[in-house]
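Structure assessment
One letter stands for each residue in the lines below.
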Amino acid sequence: MTTETDQFLKSVDSSERGPRVTGVAISDEVMLETKDVNVYYGDHHALHDTSLAFHKDEITALIGPSGCGKSTFLRSLNLMNREIKGCRVTGEILYDGHNINTKTENLYELRKSIGMVFQQPNPFHKSIRENITFAPKRHGVRDKAVLDQMVEESLRGAALWDEVKDKLDKSAFALSGGQQQRLCIARTLAMKPDVILFDEPCSALDPISTLAIEDLMLSLAKDRAIIIVTHNMEQASRVSNRTAFFYMGDMVEYGETEQIFQRPKDKRLNDYLTGMFS
Amino acid sequence: MGNSQTTAAQEARIERSMRNDRIATGVLTAIVALVMAIVVSMVLYILAQGVGQLFQPGFLTEASRANGTEGGIAYQLFDSFYLLILTLIISLPISLGGAVFLVEYAPEGPITKIASTAIETLSSLPSIVVGMFGFLMFSVNFGWGYSLISGAIALTMFNIPILTRVIQQALEDVPSSQRDACLAMGLTRWETTLHVLIPAAMPAIVTGVVLSAGRVFGEAAALLFTSGMSSPARLNFLSLNFASPTCAWNIFRPGESLAVHIYKIYGEGSPEAQHIVWGTAALLMICVLLFNVLSRIAGKALARRMTAE
């Protein structure tokens, strides 16, 4: 474990990234925006009228107790809810200036631009290299040199290259949980996304791997919008610029992270932060 | 006073429960032991009767003579495997398609329910009825006569439900996070199925296919009317004239599986051919046991290769 961490710390070149400001807003360039989004599972109205904006270069955290609708909302942003039988999403989701929540939207192009990392590391039953090249190949990249470069760039981007460069053709399942999660991030990076959605990416990981992923998220936010659903409040306050609090299907409060955590306006948020419920 | 009575009653109840538990354990153990004893004694008896015959010179390599009462069973052995391969060639793609549809595509609703019920009904059809249907449909109506292809299609009819069920289960056991990962990278459902789900389900699919092969291999009733009760007297394995009745690979020639061979010779009751019946039975059983062992080995080896090295 220690060697893995050492290697990781070595591979994250912090000078390139520069000091990142967290806790406050740093950009006003909107990358992705929702207007009055509602989600229904059959007859169950799971999320009500949620309007939020996500900014380039920023990390936005979505917090709230279990079942509050934050993950449901996250899965609406890349239209993954469409894969759930009986799920319906209404309202506008604006990406690149147009509403993507339409029947005609090309999901297969859209999801290249809006990537997603899941709660459980879910690499494919393939080699490390193939985990990265699989989707680009399906999307039409054939040139081996391009693919090789993509593998290296993505793995470097996910701070995994130094640990795996000598075993690219080994099974991804030979990696540790934290490494697998970074491989999943690398796989997403290969698609060159503008937005990356993280759905509780560290909840299955040990504390050291968790810090590694957080550090990575900070470096990935450059030129991108990052949105993370988390149960871990320290995590939200460590990495995010803005935070939205969800409760019982409502987006209750949204603001700069420092304000949300230190000067909450809504009583429910205040109760949540002080541990009245979780 | 009242207190000690309760305690006595409680103790009696505990005593009774424990005794019942011991009896249940004993009875269940006895049942399992009985089943084991039946299986083992059957296997040993058949092997004892038949293994000697397997080592008779020519038994495995010569064609049968005098209507099966003399010679070997080489053609029956070949026909059994050839029927199995033909059956798998037809039933595997159909079952795979059906299972993928039911697991990945089918909307929840009446159509899916009807399809599942139909598949289950097919699996409970008596094989002699399937054979009769195959005879009327393929042998008579299509004019294929007694032929390997008629037999293979009849076998397909009950192999499809078994295979579909096995593949369906294998696909359902692939964690949904694998699906999510693919779809979230902009791949279609078909790409997801073809390149991730089926490979991930492969160990279980292979195990299921080989196990079902064991069942198909030992089937007799469905073949009596479809592929017939005799192999040609002479087969030419080198011939590529697929229309010739003596070409081994001709799917329109009649053929006889090991199980049908047992039925035929035993039914004719010629006492001088009993050793051939036992030899065939032993061979058939050994083959089916091998299928079972093979399915486990292959499934485990594939799973190991995929999960880590």
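All figures in this text were calculated on a predicted structure; none of them were measured in a lab. (Residues numbered from 1 in each chain as written. Chains lettered and ligands numbered in written order. Predicted model: local features only at pLDDT ≥ 70, side-chain atom pairs only at ≥ 80, totals over all residues.)

Moving on to the overall build of chain A. Scanning chain A for helices and strands turns up 12 helices and 10 strands. Reported as C-alpha extents along the three principal axes, the dimensions of chain A are approximately 55 × 45 × 30 Å. Sequence separation of 24 or more characterises 70% of the internal contacts of chain A that already satisfy a separation of 6 or more. (Helix = DSSP H or I, 4+ residues; strand = E, 2+ residues; numbered from the N terminus. Contact = placed C-beta atoms within 7 Å.)

This part is about the overall build of chain B. Helix and strand counts for chain B come out as 10 helices and 2 strands. Beginning at the N terminus, the succession of helices and strands in chain B can be written as α-β-β-α-α-α-α-α-α-α-α-α. Here the C-alpha radius of gyration of chain B, 26 Å, is well above what a compact globule of 309 residues would show, namely 19 Å. Each principal axis of the C-alpha atoms in chain B carries an extent, and together these give about 95 × 60 × 45 Å. For chain B, restricting intrachain contacts to residue pairs at least 6 apart in sequence, the fraction spanning at least 24 positions comes to 76%. (Rg over C-alpha atoms; globule rule 2.2 N^0.38 Å.)

Take unusual backbone geometry next. Residue and element names in this part refer to chain A. Positive phi is not limited to glycine here, since Asp-223 has a value of about 65°. Mapped onto the elements, Asp-223 comes out in the loop between helix 9 (207-220) and strand 8 (225-229). When the 9 C-beta atoms within 10 Å are taken as the criterion, Asp-223 is described as exposed. Located in the positive-phi region is Met-248, a residue other than glycine, with phi close to 50°. Note that Met-248 resides in the loop between strand 9 (242-247) and strand 10 (250-256). You can call Met-248 partly exposed: it has 14 C-beta atoms within 10 Å. (Buried ≥ 20, exposed ≤ 12 C-beta atoms within 10 Å, placed from the backbone.)

Now for the interface of chain B and chain A. Each partner contributes residues to the interface: chain B has 20 residues there, and chain A has 24 residues. Within the residue set of the side of chain B that touches chain A, elements represented by two or more residues are helix 6 (176-184), helix 7 (189-217) and helix 10 (274-307) of chain B. Per element, the largest residue contribution to the side of chain B that touches chain A is 6 residues, and it comes from helix 6 of chain B. Classifying every residue of the side of chain B that touches chain A by side-chain character gives 10 nonpolar, 6 polar and 4 charged. (Nonpolar A, V, L, I, M, F, W, Y, C, P; charged D, E, K, R; others polar.)

Turning to the pairing of strand 6 (residues 114-117) of chain A, a few remarks are in order. Residues and elements named next belong to chain A. Burial along strand 6 is two-sided: Ile-114 and Met-116 and Gly-115 and Val-117, pointing in opposite directions, are all buried. In this structure, strand 6 lies alongside strand 7 (residues 195-199), joined through 4 bridges in parallel fashion. Residue pairing across strands places Gly-115 opposite Ile-196, the latter belonging to strand 7. (Pairing = 2+ DSSP bridges.)

The next thing to look at is the nonpolar core. Counting residues in each nonpolar core, the largest one holds 138 residues, and the members touching the most others are Leu-62, Ala-186, Phe-198, Met-217, Ile-226, Ile-227 and Ile-228 of chain A. Counting residues per element, this core draws most heavily on helix 5 (residues 148-172) of chain B, which supplies 15 residues. Not counting chain neighbours up to four residues away, the residues in contact with Phe-198 of chain A comprise Val-117, Met-217, Ile-226, Ile-227, Ile-228 and Val-229 of chain A. (Core = buried A, V, L, I, M, F, W, Y, C linked by C-beta atoms within 7 Å.)

Residues and elements named next belong to chain B. Considered domain by domain, chain B is made up of domain 1 (1-55) and domain 2 (57-307). Spacing between the C-alpha centres of domain 1 and domain 2 amounts to 37 Å. Counting residues at the interface gives 8 residues for domain 1, matched by 10 residues for domain 2. For the side of domain 1 that touches domain 2, a count of residues per class yields 5 nonpolar, 3 polar and no charged. (Domains from an automatic or database assignment.)

Residues and elements named next belong to chain A. One can find Ala-158 in the loop between helix 6 (144-157) and helix 7 (161-164). Taking the C-beta count within 10 Å as the criterion, Ala-158 has 27 such neighbours and is therefore assigned buried. Between the C-alpha atom of Ala-158 and that of Lys-144, which follows or precedes it by 14 residues, the distance is 21 Å. Non-local contacts of Ala-158, meaning those with residues more than four positions away in its chain, are made with Arg-182, Ile-185, Ala-186, Leu-189 and Leu-216.

This paragraph deals with the pairing of strand 3 (residues 59-63) of chain A. All names here are of chain A. Counted residue by residue, strand 3 has 5 buried out of 5 residues, so it is predominantly covered. Along strand 3, one buried face is formed by Ile-59, Ala-61 and Ile-63 and the opposite face, lined by Thr-60 and Leu-62, is buried too. Across 4 bridges, strand 3 lies against strand 9 in parallel orientation. Considered in strand 9, the bridge of Thr-60 is made with Arg-242.

All names here are of chain A. Looking at the secondary structure, you find Arg-75 in helix 3 (residues 70-77). Look at Arg-75 and you get buried, because 23 C-beta atoms sit within 10 Å. Separated by 123 residues in sequence, Arg-75 and Phe-198 place their C-alpha atoms 9.8 Å apart. If sequence neighbours within four positions are ignored, Arg-75 has contacts with Met-80 and Asn-81.

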